[in-house]
Amino acid sequence: MPQTDKQICIPPELPELLKQFTKAAIRTQPQDLIQWAADYFGAMSRGEIPPVRERSERVALSNWAELTPELLKILHSRVAGRLIIHADELAQMWKVLSLPTDLFNSVMNVGRFTEEIEWLKFLALACSSLGVTIAKTLKIVCEVLSSDHDSGPPRIPFSTFQFLYTYIAEVDGEISASHVSRMLNYIEQEIIGPDGLIKVNDFTQNPRVRLE
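The following paragraphs examine the structure supplied in this document. All values derive from a computational prediction rather than experimental measurement. (Residues numbered from 1 in each chain as written. Predicted model: local features only at pLDDT ≥ 70, side-chain atom pairs only at ≥ 80, totals over all residues. Heavy atoms only, no water.)

**Here we look at the overall build of the protein**
Under the convention used in this document: Numbering goes from the N terminus for both helices and strands, where a helix is a DSSP run of H or I of at least four residues and a strand is a run of E of at least two. A 1.4 Å probe rolled over the protein chains alone gives each residue an accessible area, and that area as a share of the maximum for its type sets the label: buried under 20%, exposed over 50%, partly exposed in between. The contact rule is simple, with two residues in contact once any of their heavy atoms fall within 4.5 Å. The protein chains shown are the only cover counted for residues, whose accessible areas, like all others here, come from Shrake-Rupley with a 1.4 Å probe.
Per the secondary structure count, the protein includes 10 helices and four strands. Counting over 212 residues, the protein shows a buried share of 40%. Contacts spanning at least 24 positions in sequence make up 61% of the contacts within the protein whose residues lie at least 6 apart. Counting only carbon and sulfur atoms, one obtains 53% of the accessible surface of the protein, whose full area is about 12500 Å².

What follows is the structure, encoded as structure tokens:
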């Protein structure tokens, strides 16, 4: 009897190949991801250096898009506390703020979002287009999420910071999980007070906190 169910064999080099490709895409921020991907793998197949920007050469998306922390704060207020938002609804909010479709699509592609979007992850990647470093990105996210306004420095729940830092580091791909764990443990044990909140200064001005 012929066997219809065949075991799928995953090439052992595939996970690392996809990991490097994802890191390169985030680092380069191509406007046309499909064409860039074709150029990337074409160069790899020919044994050439793929078209990847180094960190020092990276051009923030804000250079070609009118994105600001203030606009992201408005967008966050319109999401109105939801953890999940539909892509079509978010795209419409984005359009109302006159932000370019190319930027929206870039964030969608990097985050591999589909119809249901985890808002905090989308926000983190949008903020990363404005921040050169992870610390700067998290600073912007804190400023967007903070509800303190003029009553003090921006601050958010440590649990939210923990989620965002872990996700951004994972997407970045250049920071080990063990380093992320050490930093989070130090912050939680040595910095976080009874209120469970973390302030921007806690991770931007403390020499023992090195997020990258």
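**Description of the packing of aromatic side chains**
Threshold: Working definition: a ring pair exists when centres of Phe, Tyr or Trp rings (six-membered ring for Trp) sit within 6.5 Å. Plane angles under 30 degrees give stacked, over 60 give edge-to-face, the rest tilted.
In total, this model carries 13 aromatic pairs according to the counting rule given. Measuring from ring centre to ring centre gives 5.2 Å for tryptophan 36 and tyrosine 40, while their planes differ by 35 degrees; the resulting arrangement is tilted. Here the residue tryptophan 36 and the residue tyrosine 40 both occupy positions in helix α2 (residues 33-45), the gap between them amounting to four residues, near one helical turn. Taken as a pair, tryptophan 36 and tyrosine 40 share a single burial class, namely buried.

**Structural notes on the pattern of salt bridges**
Where we set the bar: A pair is scored as a salt bridge if a Lys or Arg side-chain nitrogen falls within 4 Å of a carboxyl oxygen belonging to Asp or Glu.
Summed over the entire model, instances satisfying the criterion amount to five salt bridges. Ionic pairing is found between glutamate 118 and lysine 121, a salt bridge with its closest N-O pair at 3.2 Å. In this structure glutamate 118 comes out as partly exposed when scored by relative accessible area, which is 34%. In this structure, aspartate 202 and lysine 199 form a salt bridge, with 3.8 Å as the shortest nitrogen-oxygen distance. The class of lysine 199 is partly exposed, set by a relative accessible area of 31%.

**Some words on the layout of surface pockets**
Put simply, the rule reads: A cavity here means a set of 1 Å grid points, computed over protein atoms only, where a 1.4 Å probe fits but cannot escape. A pocket is an open set with protein on both sides within 12 Å along at least 5 of 7 lines, and lining residues have an atom within 4 Å of a point. Grid points are joined across faces, edges and corners, and a volume is the space filled by probe spheres set on the points. For this classification, Asp, Glu, Lys and Arg are treated as charged, while Ala, Val, Leu, Ile, Met, Phe, Trp, Tyr, Cys and Pro are nonpolar and the rest, including Gly, are polar. The split into domains, and so the bounds of each, comes from an automatic or database assignment of domains.
The calculated volume of the largest pocket comes to roughly 280 Å³. Val110, Gly111, Tyr167, Glu170 and Val171 are, among the 16 residues lining the largest pocket, the residues nearest its centre. For the lining of the largest pocket, the secondary-structure elements that each account for two or more residues are α1 (14-28), α5 (101-111), β2 (116-118) and α8 (158-172). Counting residues per element, the lining of the largest pocket draws most heavily on α1, at four residues. Here the residues of the lining of the largest pocket are counted per class, giving six nonpolar, three polar and seven charged. Three or more residues apiece are contributed to the lining of the largest pocket by two domains, here domain 1 (13-46) and domain 2 (69-205). Taken as a whole, the second largest pocket holds about 170 Å³ of empty space. Around the second largest pocket sit 13 residues that line it, and His76, Leu120, Leu145, Pro157 and Thr160 are the ones nearest its centre. Looking at the lining of the second largest pocket element by element, the count peaks at three residues for strand β3 (residues 155-157).

**Quick word on unusual backbone geometry**
Non-glycine residue alanine 80 carries a positive phi angle of around 60 degrees. Here alanine 80 is to be found in the loop between α3 (69-79) and β1 (84-86). When its relative accessible area of 58% is taken as the criterion, alanine 80 is described as exposed. For serine 98, which is not a glycine, the phi torsion comes out positive at approximately 65 degrees. Relative to the helices and strands, serine 98 resides in the loop between α4 (87-96) and α5. Residue serine 98 is classed as exposed on the basis of its relative accessible area, which comes to 61%.

**Considerations on the environment of proline 157**
As for its placement among the helices and strands, proline 157 is situated in strand β3. Distance in space between the C-alpha atoms of proline 157 and isoleucine 198 is 6.1 Å, their sequence separation being 41 residues. Residues in contact with proline 157, not counting those within four places in the same chain, are Gly196, Leu197 and Ile198.

**What about the packing of α3 against helix α7 (residues 134-145)?**
A pair of packed helices is captured by two measures, namely the crossing angle of their axes and the spacing between those axes. So the rule is basically this: Orientation is described by axes fitted as lines to C-alpha atoms, over the contacting stretch for helices, and by angles from 0 to 180 degrees between their N-to-C directions. Angle categories are assigned with fixed cut-offs, so that under 35 degrees is roughly parallel, over 145 is roughly antiparallel, 65 to 115 is roughly perpendicular, and the rest are oblique. Definitions for this section: a left-handed crossing has its near helix turned counterclockwise from the far helix by less than a right angle. A right-handed crossing has that turn clockwise.
α7 packs onto α3 with a crossing angle of 50 degrees between their chain directions and a minimal axis gap of 9 Å. Classified by the angle between their axes, α3 and α7 sit oblique to one another. Crossing of α3 over α7 shows right-handed handedness. Packed against α3, whose contacting residues are Pro69, Leu72, Lys73 and His76, the element α7 presents Ile140, Glu143, Val144 and Leu145 at the interface. Class assignment for the residues of the contact of α3 with α7 results in five nonpolar, one polar and two charged.

As far as function goes, none of this settles anything; it's purely spatial.
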